[in-house]
Amino acid sequence: MDQQTIIYPAKIVRTMDPSRPVATAIAVRDGLIRAVGSVEELRAYPNTVIDERYAQQVMVPGFVEAHAHAGSGGM
């Protein structure tokens, strides 16, 4: 069976990509973000379903601070 591509529409998606700083949807398959764009653009992926749970939200990339010195702040 083909894996579904879930499209999550949002009020706005901040991409942090200067060539396309905003979008209106994210496509996810196998737990990974596959693309950002409009719902219409992302419908080109096979076997898509729409999940509206974030339709009224603003999405931003997750930020991981991988170089913290948590212990040194308390000294």
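Cut-offs applied
Residues numbered from 1 in each chain as written. Predicted model: local features only at pLDDT ≥ 70, side-chain atom pairs only at ≥ 80, totals over all residues. Heavy atoms only, no water. Helix = DSSP H or I, 4+ residues; strand = E, 2+ residues; numbered from the N terminus. Buried < 20%, exposed > 50% of the residue type's maximum accessible area, 1.4 Å probe, protein only. Contact = heavy atoms within 4.5 Å. Core = buried A, V, L, I, M, F, W, Y, C linked by side-chain atoms within 4.5 Å. Polar contact = N/O pair within 3.5 Å; in protein donor to acceptor, adjacent residues only side chain to side chain. Salt bridge = Lys/Arg side-chain N within 4 Å of Asp/Glu carboxyl O.

1. Here we look at the overall build of the protein chain
Each helix and strand in the protein chain was counted, giving one helix and five strands. N-terminal to C-terminal, the α/β element order of the protein chain is β-β-β-α-β-β. Considering the protein chain as a whole, with its 75 residues, one finds that 27% of them fall into the buried category. Expressed as a percentage of contacts within the protein chain between residues at least 6 apart in sequence, the contacts between residues at least 24 apart total 46%.

2. Focus: the nonpolar core
One finds Tyr8, Ala10, Val13, Ala23, Ile26, Val28 and Met59 forming the largest nonpolar core, which totals seven residues. Counting only elements with at least two residues in this core, the list comes to β1 (5–14) and β2 (22–29). Excluding residues that lie within four positions of it along the chain, Met59 makes contacts with Tyr8, Pro9, Ala10, Ile12, Val13, Arg14, Ile26 and Tyr54. Of all hydrophobic cores here, the second largest spans five residues; its members include Ile7, Ala27, Ala35 and Leu42.

3. Focus: the environment of Met59
Among the structural elements, Met59 can be located in strand β5 (residues 58–59). Separated by 48 residues in sequence, Met59 and Lys11 have C-alpha atoms that sit 8.1 Å apart.

4. Remarks on the side chain of Thr48
Following the sequence through the fold, Thr48 ends up in strand β4 (residues 48–50). A distance of 3.2 Å separates the side chain of Thr48 from the side chain of Arg43, its partner in a polar contact. Thr48 has contacts with Thr5, Ile7, Leu42 and Arg43, leaving out every residue within four places of it along the chain.

5. Some details on the side chain of Asp51
Along the chain, the position of Asp51 falls in the loop between β4 and β5. For Asp51, a relative accessible area of 17% gives the class buried.

6. Some words on the pattern of salt bridges
Under the criterion given, the structure shown has three salt bridges. Here Glu41 makes a salt bridge to Arg20, at a shortest N to O gap of 2.8 Å. In this pair, Glu41 is assigned in helix α1 (residues 39–42) and Arg20 in the loop between β1 and β2, connecting sequence segments 21 residues apart. A relative accessible area of 31% means that Arg20 is categorised as partly exposed.

7. Observations concerning the environment of Val58
Considering the arrangement of structural elements, one finds Val58 in strand β5. Sequence-wise, Val58 and Pro9 are 49 residues apart; in three dimensions their C-alpha atoms are separated by 9.7 Å.

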